[in-house]
Amino acid sequence: PQCKGKQWCFIDPCNCNFRDLPVKSEYVSDARYRGSPLFYSYETCGSKNTFSKNLPDFGSPRCRCVGLYNVPGTTDVHFDLAAWGGAKEVVSYPGDVGTSCKAWDKDMHPLCRSSNPPDFCTAKWCYVDPCECDMLDIPKVSMYLPKASHSGKHLYYNYATCGSVDTFTKKY
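Computed from a prediction, not measured in an experiment: that's the story for all the values here.

Bringing the environment of T99 into the picture now. Relative to the assigned elements, T99 resides in the loop between β9 (88-94) and β10 (126-128). Among the residues examined, T99 registers a relative accessible area of 6% and is labelled buried. Setting aside anything within four residues of it in sequence, one finds T99 in contact with F58, C65, V66, G67, L68, Y69 and W104. Polar contacts involving the side chain of T99 include one to the main-chain carbonyl oxygen of D96, which spans 2.7 Å.

Here we take up the state of the cysteines. If you walk through the whole model with that rule in mind, you get 4 disulfides. Two residues share a disulfide in this structure: C65 and C126, whose sulfurs sit 2.2 Å from each other. Taking the sign of the S-S torsion, about -85° here, the bridge from C65 to C126 comes out left-handed. Here C65 is found in the loop between β7 (39-41) and β8 (74-80), whereas its partner C126 is found in strand β10, with 61 residues between them in sequence. One exposure class covers both C65 and C126, and it is buried. Residue pairing for C101: its cysteine sulfur links by disulfide to C162, the two sulfurs lying 2.1 Å apart. Here the S-S torsion is close to -80°, and the disulfide linking C101 with C162 is therefore left-handed. In this pair, C101 sits in the loop between β9 and β10 while C162 sits in the segment after β14 (156-158), placing the two residues 61 residues apart along the sequence. Residue C101 is classed as buried on the basis of its relative accessible area, which comes to 7%.

Analysis parameters
Residues numbered from 1 in each chain as written. Predicted model: local features only at pLDDT ≥ 70, side-chain atom pairs only at ≥ 80, totals over all residues. Heavy atoms only, no water. Helix = DSSP H or I, 4+ residues; strand = E, 2+ residues; numbered from the N terminus. Buried < 20%, exposed > 50% of the residue type's maximum accessible area, 1.4 Å probe, protein only. Contact = heavy atoms within 4.5 Å. Polar contact = N/O pair within 3.5 Å; in protein donor to acceptor, adjacent residues only side chain to side chain. Disulfide = S-S within 2.5 Å.

Following this line, the structure appears as structure tokens:
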């Protein structure tokens, strides 16, 4: 089918390996495929989805972001900025911090609120499962949430899956 001149098709979301994740169909919301709701994709058919608004970016298919997306509330991150002339500070990030590709530190991290913020402040990153990442830029253990885990492992982050360069890890 076509929508506004763009091709799309229904797909099996369990067997789709594209950057843009499949979207659950609201048009035929009662329809099922193998007991699950129907999903569609423009990318499968060589088009770009301009129909759905505000779709989150969950990273490269070779290293997807993990976590509970769109969770309300906040996640407190403890910073000790003594090495950079600062003090200890607790910052309340959004509850779903790291669950999709965003510049999570922009205007949040204490160094990113300065008049001359470092490059990492505008870089997109997310939390990932290191055992499911097939990228040259290997995931690093999160220092923001040192006691957090995902699937029994420490929480890892990655910039490359979001198309950004990691300028944070080596310096900070």
